[in-house]
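A closer look at the structure
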Amino acid sequence: MKVDEIIKGSDLPVKEFDGIIIGGGGAGMRASLQLAESGLNTAVISKVFPTRSHTVSAQGGITCAIASDDPEDDWRWHMFDTVKGSDYIGDQDAIEYMCQEGPKAIFELEHMGMPFSRTDEGRIYQRPFGGQSKDYGKGGQASRTCAAADRTGHSLLHTLYQANLKAGTNFLNEWFAIDLVLNANNVVVGVIAFEIESGEIFYVKSKATVLATGGAGRIYASTTNALINSGDGIGMALRAGFPVQDIEMWQFHPTGIYGAGTLVTEGCRGEGGYLINKDGERFMERYAPNAKDLASRDVVARSMALEIIEGRGWGPDSDHIKLRLDHLGPGVVHKRLPGITELSKTFAGVDPAVEPIPVVPTCHYMMGGIPTNVHGQVISTKSGKDSIVEGLYAAGEVACVSVHGGNRLGGNSLLDLVVFGRAAGIFIEDTIKQGVDLMEASDSDIDKALSRLNKLNQSKEGYQAHKIKKAMQDNMQMNFGVFRRGDLMENGIKELEQAREQIENLYLEDKSATFNTSRIEAFEAQNLFEVAEATAITANERKESRGAHARDDYPDRDDEEWLKHSIYFSEDKSVSKREVNFKPKQVQAFQPIERTY
Amino acid sequence: MSAAIPLEEIKLVKLSIYRFDPNQDKKPYMQSIEIEVPANKDLMVLDALHLAKEIEPSLSFRRSCREGVCGSDGMNINGKNGLACITPLSEVVKKDKLTLRPMPGLPVIRDLIVDMKQFFDQLEKVQPYLITKSAAPEIERSQTPEEREELDGLYECILCGCCSTSCPSFWWNPDKFLGPAALLQSWRFIADSRDEATEERLDDLEDAFSLYRCHGIMNCVSVCPKGLNPTEAISNIRNKLLTRKN
């Protein structure tokens, strides 16, 4: 990497592929597997070695009606639960596709070797998870979440990596993607990326570019997310002029370990664990008389926050809740939840078979993202009209297809990423096989995608990325958390407006070429900032309470005004509305009703 | 928490960190960076590295999940390999000092970052994926809980490299001896009731180096941050080869 002069698009070496996938997590590697197996020249660009991706941290399972626990189970029941869980702004065509295609995707994973836990009948073990019911909510709790102990994400990610090795996927491991290359016809024609080890920069050119960069939980001070979850794909899409959808919808997982933020799976409550306040009361019985601790995550997180606000939290500052598992006996705890046992001992100093785990609602998942259709094609929208962005796809947490709407059900993220990673792969394979030419980009198109890199490399003074990031995370935590209020959000937005100039003028002190992690952290901070600002502005615009978006000043759901997706463009910081899909192909649409658990 | 020393005593910790940037350093050196650890708070070694990076922004290390499941931050902590993110300072800081070096036995790219190519090349040699020949059923392949239990202690490997880079046999022959991590994966698939390539897998291991260079030193077992036992996996493969001969 030359840092003493401006890097020009015309000087860059080019690498060409049929399809590139940015991100080596579950969605990315499911898409790449599909493409590589079809014989297309496919590359995965991943800023970390693929098995270090955040999918590895998923614990409890992957929800899908494979009819192992209950032979009568039906994907339509799973669809009903998911629509209800989304607080009715999940797109029903997409949810239908996910729930129906799901079993195929799960059996494929098993055939690849995924080490699922098993039942005595030799089938895949399924456990109860929040918000899952039988018979459209009328048949009680369902056990529908397929599990590999409490290491389901780890098992899934490693299995996909193994399958990609077998299929001969090209891995550009430890490569960092900076920005999309967009040509004059607004077609995405690849990405600017650099090899982290050498610092060498490339234009990676492709017929199809898939964003599978995962979430951005690091916009909050307290999160279950890996340090690498910096919303790189969201940043790239917004800067290229594409919108994000429902980005104000952030899931706070009920059980992050108090202090550390590390995740404790909902599977703990699925296996019979429950939450207690400082009086030892199982308080969820008051908030959700039927589902209790297995109500949907937004409901449980809010109930916990209320217990804390009302002074019934644990500890000298009454600031956390406890999760009881000891009554299950060491057999269940150590056999079904071995990973949780390890994490609790390491990060909370307790053995959950003996003592309850201190927990607190913690930022966990980005329901919003880049809008796509069920084929993973990115959608842009102007004055109520959707259009397809040529050459660009998104899948997994970075995408908003949307199957999670205002609130994701536990176990549905892993299903989302395999089903839609696979769907994008299938669609791209078909498209390319029908004949797509590699589109050209001009030198100035490439220069544009290089501008952030050049500015950073040329910086002689400016702001420190980690400081701006820290202030942003505290701001988001304070003003855009479990409960939201207009005046506080406006303060938060003002703070972000003031920081905008700073994030665009970072000072990179270390300009070296070899494995320079400071350079990466600067880019990541800029990406996070895009996500934070989009979240803040959109959250303030959605004047209702729905799913994970709970406003003190607008406590009710407003279906008249807001049974809609929000759409945000960063160019003019505008928020508009987009219709929710109520047209599933095989079943009648589920109409919004009051949501109780 | 199993604190070796009371937490309130930790305030200033002197980190001695291996530094090397090939673009500007002729040879590696140890840099001393003093960090302030908040009183009454136990930090992980990874948190200490983040504090050090605020002081010395050019310091480079890998990290991702910060909870011991992704395997990014394997390093040599006071002479023993481990994961920075799940090693509490209270367990390793001695006399307010802590020494951090890259994992031994692999080329250093920069600072605490090693080139893992050799490690992954060896992994790929064992064909670390399920191989089946029979047609797959419509649903999942059947496996009993007992058959599945055979994979416990094997599938949990996070590919951090702590074991192989603490193994003298791997240091001497990193291109010929597969190393504990790859061999654990090899056994993971041999032990899988669904895999249909046991014979080929065993054939591939039957030379003087791939497997038999393991001398049972067991460093791999003592450093594995996930509590896995590669030595046992290796001896299981040996037994399988022996029974096959007989």
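About the criteria used
Throughout, a residue's number is its position along its own chain's written sequence, starting from 1. Chain letters and ligand numbers both follow the written order, the letters beginning at A and the numbers at 1. The predicted nature of this model means local features are confined to residues of pLDDT at least 70 and side-chain atom pairs, given and counted, to a pLDDT of 80 or more, with totals for whole chains, interfaces and linings taken over all residues. For the side-chain quantities, the full set of heavy atoms in the structure was used; hydrogens and water were omitted. The helix and strand labels rest on DSSP assignments: H or I over at least four residues marks a helix, E over at least two residues marks a strand, and numbering proceeds from the N terminus. What the globule rule says is 2.2 Å times the number of residues to the power 0.38, and the radius of gyration is computed from C-alpha atoms. Only protein chains enter the area calculation, which uses a 1.4 Å probe; residues under 20% of their type maximum are buried, those over 50% are exposed, and those in between are partly exposed. Contact definition: two residues touch when any of their heavy atoms are within 4.5 Å. Exposure was quantified through the Shrake-Rupley algorithm and a 1.4 Å probe, taking into account, for residues, occlusion by the shown protein chains and nothing else. We count Lys and Arg on the positive side and Asp and Glu on the negative side, and we leave His and both chain ends out. For this purpose, a charge sits on NZ of Lys, CZ of Arg, CG of Asp or CD of Glu. By buried area we mean the combined loss of accessible area, with a 1.4 Å probe, across both parts when two parts are placed together. Counted as salt bridges are all cases of a side-chain nitrogen of Lys or Arg within 4 Å of a carboxyl oxygen of Asp or Glu. Axis definition: a line fitted to C-alpha atoms, over the contacting stretch in the case of helices. Angles run 0 to 180 degrees between N-to-C directions. Oblique is the label for every angle not falling under 35 degrees (roughly parallel), over 145 degrees (roughly antiparallel), or within 65 to 115 degrees (roughly perpendicular). Each crossing gets its hand from how the near helix is turned against the far one by less than a right angle, where anticlockwise is left-handed and clockwise is right-handed. Two strands make a pair as long as DSSP finds a minimum of two bridges between them. What we call the bend at a residue is the angle made by axes fitted to the seven residues finishing there and the seven residues starting there. By definition, pLDDT measures how confident the predictor is in each residue, and it falls between 0 and 100. Here a polar contact means two N or O atoms within 3.5 Å. Within protein one must be a hydrogen donor candidate and the other an acceptor candidate, and residues neighboring in sequence count only if both atoms are side-chain atoms. Two cysteine sulfurs form a disulfide in these notes if their separation is within 2.5 Å.

Let us look at the overall build of chain A. Scanning chain A for helices and strands turns up 16 helices and 22 strands. For chain A, the C-alpha radius of gyration of 23 Å lies close to 25 Å, the compact-globule estimate for 597 residues. When the backbone C-alpha atoms are referred to their principal axes, chain A occupies close to 65 × 50 × 50 Å. Taking all 597 residues of chain A together, the buried fraction comes to 68%. A separation of at least 24 residues holds for 74% of the contacts in chain A among residues at least 6 apart in sequence. In the structure as shown, chain A presents an accessible area of about 19300 Å², 47% of it carried by carbon and sulfur atoms. Charge centroids of chain A, computed over 64 positive and 84 negative side chains, lie 2 Å from each other.

To continue, consider the overall build of chain B. Regarding its fold elements, chain B presents 9 helices and 7 strands. Summarising its shape, the C-alpha atoms of chain B cover approximately 60 × 40 × 35 Å along the three principal directions. In chain B, which comprises 246 residues, the proportion classed as buried is 56%. When contacts within chain B are restricted to residue pairs at least 6 apart in sequence, those whose partners lie at least 24 apart make up 66%.

With that settled, the discussion passes to the interface of chain A and chain B. The interface is formed by 63 residues belonging to chain A together with 60 residues belonging to chain B. In total, about 4900 Å² of surface goes out of reach between chain A and chain B, with carbon and sulfur atoms giving 51% of it. Its largest share of buried area at the contact with chain B, chain A owes to Arg52, His111 and Leu227 of chain A, together 14% of the area lost on that side. Linking chain A with chain B are 8 salt bridges. For Glu149 of chain B, the salt bridge is made with Lys335 of chain A, and the minimal N-O distance between the two is 2.9 Å.

All names here are of chain A. Counting through the fold element by element, Arg519 comes out in helix α15 (residues 517-541). On the accessibility criterion, Arg519 (1% relative accessible area) is buried. Sequence separation of Arg519 and Trp314 is 205 residues, and the distance between their C-alpha atoms is 41 Å. Leave out the neighbours within four places in its chain, and Arg519 touches Met1, Val3, Phe194, Leu453, Leu456, Asn457, Leu508, Lys511, Ser512 and Ala513.

Further remarks concern the packing of helix α6 (residues 179-190) of chain B against helix α9 (residues 230-245) of chain B. Helices that pack against each other are described as a pair by the angle of their axes relative to one another and the distance between those axes. All names here are of chain B. At their nearest, the axes of α6 and α9 sit 8 Å apart, and the two run at 55° to each other. Considering their axes alone, α6 and α9 lie oblique with respect to each other. Crossing of α6 over α9 shows left-handed handedness. Where α6 approaches α9, its residues Pro180, Leu183, Leu184, Ser186, Trp187 and Ile190 are matched on the opposing element by Pro230, Ala233, Ile234, Asn236, Ile237 and Lys240.

A separate point is the sheet that holds strand β13 (residues 321-324) of chain A. Two strands in a sheet stick together by hydrogen bonds in their backbones, pointing the same way (parallel) or opposite ways (antiparallel). Residue and element names in this part refer to chain A. Read across the sheet, 4 strands follow the order β11-β14-β13-β12 without closing on themselves; strand pairing throughout is antiparallel. Edge positions in the sheet fall to β11 (250-257) and β12 (274-276), since each of these pairs with one other strand and no more. Averaged over all pairs of adjacent strands, the angle between strand axes in this sheet comes to 50°, irrespective of strand direction. Where β12 lies against β13, 3 bridges are found, and the strand directions are antiparallel. Residue pairing in the sheet places Ile276 in a bridge with Lys322 of β13.

Turning to the sheet that holds strand β2 (residues 29-36) of chain B, a few remarks are in order. Residue and element names in this part refer to chain B. On the basis of which strands lie adjacent, the open sheet formed by 5 strands has the order β2-β1-β5-β3-β4 and mixed pairing. Each edge of the open sheet carries a strand with a single partner, namely β2 and β4 (80-83). For this sheet, the mean angle separating the axes of adjacent strands, direction not counted, is 35°. Sheet topology note: the strand β3 (residues 74-77)/β4 ladder contains 4 bridges and is antiparallel. Residue pairing across strands places Gly74 opposite Leu83, the latter belonging to β4.

Before going further, it helps to examine helix α12 (residues 443-458) of chain A. Of all the bends in α12 of chain A, the greatest measures close to 50° and is centred on Leu450 of chain A. Along α12 of chain A, the residues classified as buried are Asp445, Ile446, Ala449, Leu450, Arg452, Leu453, Asn454, Leu456 and Asn457 of chain A.

Residue and element names in this part refer to chain B. Across chain B, the average pLDDT comes to 94, with 96% of residues at or above 70. In the predicted structure, residues 1-5 sits below a pLDDT of 50 and forms 10 contacts with residues beyond four places in sequence or in another chain. Interface confidence for the predicted complex, expressed as ipTM, amounts to 0.96; the pTM equals 0.97.

Oppositely charged side chains can form a pair if their charged atoms are brought close together. Summed over the entire model, instances satisfying the criterion amount to 67 salt bridges over all chains. Among the salt bridges present, the one from Glu16 of chain A reaches Lys205 of chain A, with a minimum N-O distance of 3.8 Å. Placement of Glu16 of chain A in strand β1 (residues 14-22) and of Lys205 of chain A in strand β9 (residues 201-211) is noted, with a sequence separation of 189 residues between them. Here Glu200 of chain B ties to Lys133 of chain B by a salt bridge, and the two come within 2.4 Å at their closest N and O atoms. Here Glu200 of chain B is found in helix α7 (residues 198-205), whereas its partner Lys133 of chain B is found in the loop between α3 (117-125) and α4 (145-149), with 67 residues between them in sequence. Taken together, the shared-partner salt bridges in this structure form one network comprising Asp87, Asp246, Glu248, Asp298, Arg302, Arg542, Glu544, Arg546, Arg557, Asp559 and Arg595 of chain A.

Attention shifts here to helix α2 (residues 75-85) of chain A. All names here are of chain A. Of all 11 residues that make up α2, 10 are buried, and the element is covered over most of its length. Among the residues of α2, Trp75, Trp77, His78, Met79, Phe80, Asp81, Thr82, Val83, Lys84 and Gly85 are the ones counted as buried. Buried residues in α2 make contact with β3 (62-63), α3 (92-112), β4 (126-133), β5 (141-146) and α11 (412-435). For α2, the N-terminal cap is Asp74; the gap from its side-chain oxygen to the backbone nitrogen of Arg76 is 2.8 Å.

Our focus in this paragraph is the side chain of Arg148 of chain B. Among the structural elements, Arg148 of chain B can be located in helix α4. Among the residues examined, Arg148 of chain B registers a relative accessible area of 5% and is labelled buried. The residues touching Arg148 of chain B, leaving out its near neighbours within four places in the chain, are Pro115, Phe116, Ser117 and Arg118 of chain A together with Gln143 and Tyr155 of chain B.

The next thing to look at is the state of the cysteines. Here is the idea: a disulfide is a covalent bond, and it sits between the sulfur atoms of two cysteines. What the rule picks out here adds up to 0 disulfides over all chains. The structure places no disulfide on Cys268 of chain A, whose sulfur is separated from the nearest cysteine sulfur, that of Cys65 of chain B, by 17 Å. You can see Cys65 of chain B has no disulfide; the closest cysteine sulfur is in Cys70 of chain B, sitting 3.7 Å from it. The class for Cys65 of chain B is buried, based on a relative accessible area of 2%.

Residues and elements named next belong to chain A. Counting buried positions along β5 gives 5 out of 6 residues, so the element sits mostly inside the fold. The pairing of β3 with β5 spans 2 bridges and is antiparallel. Among the inter-strand pairings, Thr63 is bridged to a residue of β5, identified as Thr145.

A cis amide bond, omega -5°, links Val401 of chain A with the succeeding residue Ser402 of chain A. Positive phi, close to 65°, is recorded for Asn186 of chain A, a residue that is not glycine. Tracing the backbone shows Asn186 of chain A in the loop between β7 (175-182) and β8 (188-195). Overall, the relative accessible area of 45% leaves Asn186 of chain A in the partly exposed class. Positive phi values are uncommon outside glycine, yet Arg66 of chain B reaches one of about 55°. For Arg66 of chain B, a relative accessible area of 11% gives the class buried.

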